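Chain residues, written in single-letter form:
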Amino acid sequence: MTSARKVHIKSFGCQMNVYDSHRMADTLAPEGFRETPRAEDADLIVLNTCHIREKAEEKVFSELGRMRTLKEAAASVGRRVMIAVAGCVAQAHGREIVRRAPTVDLVVGSQNYHRLPALIARAERGGALVDTEFPIEDKFGVLRPPSRAAIRARGVSAFVTVQEGCDKFCTFCVVPYTRGAEASRPVVKIIEETERLAQAGVREITLIGQNVNAYHGQGPDGRAWPLARLLARIGEVRGIARMRYTTSHPRDMKTGLIAAHRDLPGLMPYLHVPAQSGSDHVLSRMKRRHTRADYLDTITHLRAARPDMAFSSDFIVGFPGESERDFENTLSLIDEVGFAGAFSFKYSARPGTPAAEMPDQIGEDAKSERLYRLQAAIDRNSAAFNARCLGRTLEVLFEKPGRHPGQIVGRSPYLQAVQVMAPQSLIGKIAAVTITEVSSNSLFGSLARAAEAAGD
Ligand code: SAM
Ligand code: SF4
């Protein structure tokens, strides 16, 4: 399989899927597959799917309808197109996907995508294939690393998966079933991957995992290293100027990790730490293992460690049994913390999870009404946070050309997009920018002083 063929990979859901899609592309590249952004041009289409809410799952099946049309159009001119479903829907539904969508040639679970080249070769010989077993081999040990060109094309900020799976079993969540038990990658492997990225020009690393702050990978000394120690080591990699990690569970925000926010200047002062609810009654039924007071206490400690810290969260509205009063406690938590941003979701009953069996499910209208009020509270807090940035000087990592000629755009420490009139030569570099204007989804600013390339 050496002639140039094209693969189109479409990611649904979280950053872990974006990362996995990149690794699939890297693993298919030596097999002669070049990536294409156009599904119409592809010989192989991979849908890397998300199962977290019902809507995410439905999207996959409607997309498969579109892909079937493409496949039939290609077949009518004698061209073969293969369709693969990967990720969490693949893991959860396996062969059922082929029954519902016979156009699918291959179903590959979230832990098996390193086997893609072999599976594609087998599926090409005929018959739909399904591989959703949890493998014994470590997929990270088998996956091909990205080429320098692929790293450059993906930009100056990169994800590195350090941990997968989850043992927490919150009562609403499918992750422990689709991604399996929690497992951390060894430190040495993560550093090798980070060094390769840095050598190709990456300046910012976001460590990712479903429960990233539960990280406990084996260190070079043979002992389990906590996330704080891993971050300190990554901060020593030449060229890496910024570090982030996501997604964190409030219960795993341990003292050492809080101290890392004080001690590591490269660790960005913006943390995604999902609260889910501000009501103890709901938190307990969600089996989150923390109270509202615990959550607020963690925020206080983080702010004491680093006073310019800002926070984002996930919230679920309409969890079974959530009363108006419970919901108001969530609204008051949002104001009390003053989140700079947050994602909000209507509770979606997932088959096989304990909450789906709870008797006091909330109606769709009440969920919609609460979501509307929740989003208004989040927007208000986020606008207030952005407004407080006016006149401040923030370090911006420039990523690409901006919306208008002469502009470039980058990210502030708080992940805000910042548009600046500045030379393109600053892309990939960090410069101090004074914020002069704030709009709903961008900040605008001017260079505060001559750019310095951090880490160069
Ligand atoms: N591990 C993270 C944590 O503990 O907060 C969450 C990971 S999950 C992939 C991302 C978000 O999806 C969750 O924080 C939660 O808000 C939301 N979510 C998960 N299951 C959900 C469900 N059944 N209905 C609605 N939202 C859900
Ligand atoms: Fe899901 Fe996060 Fe709870 Fe794990 S900790 S079960 S990933 S919500």
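All values derive from a computational prediction rather than experimental measurement.

Rules of the game
- Residues numbered from 1 in each chain as written.
- Chains lettered and ligands numbered in written order.
- Predicted model: local features only at pLDDT ≥ 70, side-chain atom pairs only at ≥ 80, totals over all residues.
- Heavy atoms only, no water.
- Helix = DSSP H or I, 4+ residues; strand = E, 2+ residues; numbered from the N terminus.
- Rg over C-alpha atoms; globule rule 2.2 N^0.38 Å.
- Buried < 20%, exposed > 50% of the residue type's maximum accessible area, 1.4 Å probe, protein only.
- Contact = heavy atoms within 4.5 Å.
- Core = buried A, V, L, I, M, F, W, Y, C linked by side-chain atoms within 4.5 Å.
- Near = heavy atom within 4 Å.
- Nonpolar A, V, L, I, M, F, W, Y, C, P; charged D, E, K, R; others polar.
- Polar contact = N/O pair within 3.5 Å; in protein donor to acceptor, adjacent residues only side chain to side chain.
- Areas by Shrake-Rupley, 256 points an atom, 1.4 Å probe, with all protein chains shown as cover.
- Phe/Tyr/Trp six-rings, centres within 6.5 Å; stacked < 30°, edge-to-face > 60°.

**Things to note about the overall build of the protein**
A count of helical and extended segments in the protein gives 15 helices and 19 strands. The C-alpha radius of gyration computed for the protein amounts to 23 Å, which stays within 12% of the reference 23 Å derived for 456 residues, consistent with globular compactness. Each of the three principal axes of the protein carries a C-alpha extent, and together these read 60 × 60 × 50 Å. Relative to its full complement of 456 residues, the protein shows a buried share of 55%. Considering only contacts within the protein whose residues lie at least 6 apart along the sequence, 71% involve residues at least 24 apart.

**What about the nonpolar core?**
Grouped together as the largest cluster of nonpolar side chains are 53 residues, with contacts concentrated most on Leu 207, Leu 227, Leu 230, Leu 231, Tyr 245 and Phe 311. Aside from chain neighbours lying at most four places away, what touches Leu 230 is Val 162, Val 187, Ile 190, Leu 207, Tyr 215 and Trp 225. Counting residues in each nonpolar core, the second largest holds 24 residues, with Ile 9, Met 24, Phe 33 and Ile 120 among its members.

**Looking at the environment of Phe 33**
With respect to the helices, strands and loops of the structure, Phe 33 is situated in strand E2 (residues 33-35). Measuring from C-alpha to C-alpha, the distance between Phe 33 and Arg 5 comes to 4.7 Å, with 28 residues separating the pair along the chain.

**Structural notes on the site of ligand 2**
Around ligand 2, a shell composed of Cys 166, Lys 168, Phe 169, Cys 170, Phe 172, Cys 173, Val 175, Pro 176, His 249 and Arg 288 is seen. Taken together, the residues of the shell around ligand 2 break down into 7 nonpolar, 1 polar and 2 charged.

**What about the site of ligand 1?**
Taken together, 16 residues are adjacent to ligand 1, and Gln 210, Gln 276, Arg 288, Asp 314 and Ser 348 come closest. At 3.0 Å from a nitrogen atom of ligand 1 is found a main-chain nitrogen or oxygen belonging to Phe 172. Contacts to ligand 1 include Gln 210, whose backbone N or O atom sits 2.6 Å from a nitrogen atom. Out of a free accessible area of 570 Å², ligand 1 has 90% covered by protein chains. When residues of the shell around ligand 1 are traced back to their parent elements, those giving at least two are strand E13 (310-317) and strand E14 (341-346). Here the residues of the shell around ligand 1 sort into 6 nonpolar, 5 polar and 5 charged.

**Comments concerning the side chain of Gln 163**
Residue position: Gln 163 is located in strand E8 (residues 163-164). The buried category is assigned to Gln 163, whose relative accessible area is 0%. At 2.9 Å, the side chain of Gln 163 forms a polar contact with the backbone oxygen of Gly 165. A distance of 3.1 Å separates the side chain of Gln 163 from the backbone nitrogen of Asn 211, its partner in a polar contact. Discounting residues that sit within four places of it in the chain, Gln 163 has contacts with Met 16, Glu 182, Ala 183, Ser 184, Ile 208, Gly 209, Gln 210, Asn 211, Val 212 and Tyr 215.

**Some remarks on the packing of aromatic side chains**
We describe a pair of aromatic rings using the distance from one ring centre to the other and the angle between the two ring planes. Using the criterion set out here, one finds 7 aromatic pairs in the structure. Each ring, one from Tyr 270 and one from Tyr 414, has its centre 6.2 Å from the other, and the planes form 90°; the classification is edge-to-face. Linking Tyr 270 in strand E12 (residues 270-272) with Tyr 414 in the loop between strand E16 (407-411) and strand E17 (417-421), this pair joins segments that are 144 residues apart in sequence. On the basis of relative accessible area, Tyr 270 is assigned to the buried category, the value being 15%. Ring geometry for Tyr 295 versus Phe 339: centroids 6.4 Å apart, planes at 45°, classification tilted. On the criterion of sequence distance, the pair formed by Tyr 295 in helix H13 (residues 292-305) and Phe 339 in the loop between helix H14 (324-337) and E14 is long-range, its members being 44 residues apart.

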